Amino acid sequence: MKLTTDDSSLNTPAVLIDLENLESNIQEMSVLAARAGVKLRPHVKVHENATIAKRQIEAGACGIEVGVVEQAAAMANAGIGDILIAHPNLYRGAKGELLTNLVGQSSLKIAVVVDMYEQAELVSNIAQTLNKKISTLIKIDLGRSSRFGVLPGKAALQIAHRLEKLSGISLDGIYGHEMGAKPTEGDKEATAIEAAEIVTDTAKMLKDRGFRVEHVSLGSSPTFRSTCRLIQAGRFPEITELHPGQFVVGDIMYMMAGGNDMEACSVTVLATVISTSHEDWAMIDAGYKTFGGDSLIQYRQSPEFFFNGRPRFGVVQGRPDLWLGRLSAETGSIYYKDPQKGKLKLGERVEIVPNNATLVINIHNCIYGKRNKCIEETLQTTGRGQGN
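Residues numbered from 1 in each chain as written. Predicted model: local features only at pLDDT ≥ 70, side-chain atom pairs only at ≥ 80, totals over all residues. Heavy atoms only, no water.

> With reference to specific residues and values, describe the packing of aromatic side chains.
Ring pairs (aromatic) are described by centroid distance and by the angle formed between their planes. Summed over all chains, the structure comprises 4 aromatic pairs. Ring centres of F224 and F247 lie 5.3 Å apart, and the angle between their planes is 75°; on these two criteria the pair is classed as edge-to-face. On the criterion of sequence distance, the pair formed by F224 in helix α8 (residues 221–232) and F247 in the loop between β10 (241–242) and α9 (252–256) is long-range, its members being 23 residues apart. The exposure classification of F224 matches that of F247, with both residues buried. When the centroid spacing of 4.7 Å and the interplanar angle of 80° are considered together, the rings of F305 and F306 count as edge-to-face. Residue class for F305 comes out buried when judged on its relative accessible area of 7%. Overall, the relative accessible area of 42% leaves F306 in the partly exposed class. For R162, the ring lying beneath its charged end belongs to Y117, and the centroid distance is 3.8 Å. (Phe/Tyr/Trp six-rings, centres within 6.5 Å; stacked < 30°, edge-to-face > 60°. Helix = DSSP H or I, 4+ residues; strand = E, 2+ residues; numbered from the N terminus. Buried < 20%, exposed > 50% of the residue type's maximum accessible area, 1.4 Å probe, protein only. Lys NZ or Arg CZ within 6 Å of the ring centre and 35° of its normal.)

> So what's going on with the pattern of salt bridges? Residues and values would help.
All told, the structure shown has 17 salt bridges when counted by the stated rule. For E28, the salt bridge is made with R225, and the minimal N-O distance between the two is 2.9 Å. Highlighted residues: E28 in helix α1 (residues 19–36) and R225 in helix α8, separated in sequence by 197 residues. Using a relative accessible area of 28% as the deciding quantity, one classes E28 as partly exposed. On the accessibility criterion, R225 (28% relative accessible area) is partly exposed. Residues K343 and E279 are paired through a salt bridge, measuring 2.7 Å at the closest nitrogen-oxygen approach. (Salt bridge = Lys/Arg side-chain N within 4 Å of Asp/Glu carboxyl O.)

> Before we move on, can you summarise the layout of surface pockets with the specific residues and values?
In this structure, the largest pocket occupies an estimated 950 Å³ of space. K45, H177, M179, P222 and M253 are the residues nearest the centre of the largest pocket, which is lined by 39 residues in total. Of all the secondary-structure elements, those providing two or more residues to the lining of the largest pocket are α8, α9 and α11 (357–363). Looking at the lining of the largest pocket residue by residue, the class counts come to 14 nonpolar, 19 polar and 6 charged. Surrounding the second largest pocket, 19 residues form its lining, P303, E304, R312, V315 and W323 being those nearest its centre. Within the residue set of the lining of the second largest pocket, elements represented by two or more residues are α9, β13 (314–316) and β14 (322–327). No other element matches α9, which puts 3 residues into the lining of the second largest pocket. Per-class residue counts for the lining of the second largest pocket are 12 nonpolar, 3 polar and 4 charged. (1 Å grid on protein atoms, 1.4 Å probe; cavity = no way out; pocket = protein on both sides within 12 Å on 5 of 7 lines; lining within 4 Å. Points joined across faces, edges and corners; volume = space filled by probe spheres on them. Nonpolar A, V, L, I, M, F, W, Y, C, P; charged D, E, K, R; others polar.)

> So what about empty space enclosed by the protein? Which residues, and what values?
Under the counting rule described, the total for this entry stands at 2 cavities of 30 Å³ or more. Looking at the largest cavity, its volume works out to about 130 Å³. As for the largest cavity, its lining consists of 16 residues, and the residues nearest its centre are L142, R144, H177, E178 and M179. Of all the elements in the fold, those that place two or more residues in the lining of the largest cavity are β7 (134–140) and α7 (185–208). The element that contributes the greatest number of residues to the lining of the largest cavity is α7, accounting for 3 residues. A class-by-class count of the residues in the lining of the largest cavity yields 5 nonpolar, 5 polar and 6 charged. Looking at the second largest cavity, the residues that line it are I138, A160, L171, D172, G173, L206, F211, R212 and V213. If one sorts the elements of the lining of the second largest cavity by residue count, strand β8 (residues 169–176) sits on top with 3 residues.

> How would you sum up helix α4 (residues 93–103)? Please name residues and give values.
Along α4, the residues classified as buried are G96, L99, L102 and V103. Each buried residue of α4 sits inside an arc of 125° when the element is viewed along its axis, so together they form one side. Across from the buried face of α4, at angles greater than 90 degrees, the exposed residues are G93, A94 and E97. (Arc of directions from axis to C-beta.)

This is a description of form; function is not addressed.
What follows is the structure, given as C-alpha cells:
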C-alpha cells in the first residue's frame, strides 16, 4: 500500500525499512551476480515479504528460496512463480498436502532439497500421484557449523544412485550453504573457497558417473561477495546459483558476521521513550514482543559485548552512548553509558537497529517503507503466524 506521511504519525513500536538502503542492497546483489555470470536466487526468510521478493526478481533474480513449504505456499499465493525450498523435510501430512498443491500448479516452478532417502521417497510418492517430475537437489554438508547435508564424496554418490531409481524424482543437482566464517576478509575468502571446492568436486564426481548436474548452488550472505569474485575470476565455473538472504536487509548479527556495516542495515525499530523516572536508564515501548529477545550470546567473547553485565538487544541509531540492555514483554530499558552525552526525553523517539531482523519482521504484520523521514509504503509480511 502506497502512502506518504511523516514517520511521526506512526504508532509505536513500528518496524521501518529504509528504502534507499534496501534498493542499494538489492542492486549490489544483482550486479555482483551478473558480473560473475551466475544466477541469483535470494533467500527471503529474513524479509519474509513478497513485495521485496518481486523487486529482487525485477532486479535480475531468477526466483526465490525459502526455508520451508509453508513459506513457499505463502509466496506462491502472492504471485512468485519460481521457488526452491531449501530445508530437507518430511513431506507427509499437512506438509505433504502443501507440496502436492504447489507441484500441481502448472504455472509454478518448485524444487526441493533432501539429505535422506526417506525424504525423497515421500517426494516421489507426491510426484507419482500427480504424474509429474519434481526437481530435487541433494544437500551437501560443507563441514563448518553442520546442520543438514550428506557428506561429500562417497556418501553423496551413494544417495544419488538411490535417488535416480525413484519414480517422479528429477535429480537436478546439489545444494550447499556455507556457514561458520569468521568476520575477517581472510576467513570469509577461505570459507568461500573451501565451500566452492567441496561442491564443485562433488558435482564433477557425479557428472563423471553419468549424473545430470544442472544445478550447483552456494552462497551465504557473509561469503557472497567473495564467492562472486572467485567465479568472476574464472574459478569454479560449475557453480550455477547463489542464494544469499541476510545481505538485502542487514542487522547486528549479520554485521558481527562481517557481512555489512551499520550504514547498510535496512531495518530499524521505531520506539518511543515512555518513562524517564530513573537516572540511569529510560524506558521505551518496545520489548521482546517487538525485538524477539536475541542477545547474540554466541558473540559473548567479543570486546564490549556486555555493559554493566548486560548484553545488548540492538543499537540506537546515532547514539553510541546508549545501551539497550534489558527487554521485558512490552518494554525495553536503555541505559546511559555516558550520562554527559545527554539523556533521553519523555516522548522522544528512537530508531534501533535490531540484533536479529528475522525475528523482528516475523513478529509483525507489516513493515513501513521509509525514505528520509517520510513513510512511502506499507509492506505486508507474507505468511507470518505459521510458526516459521
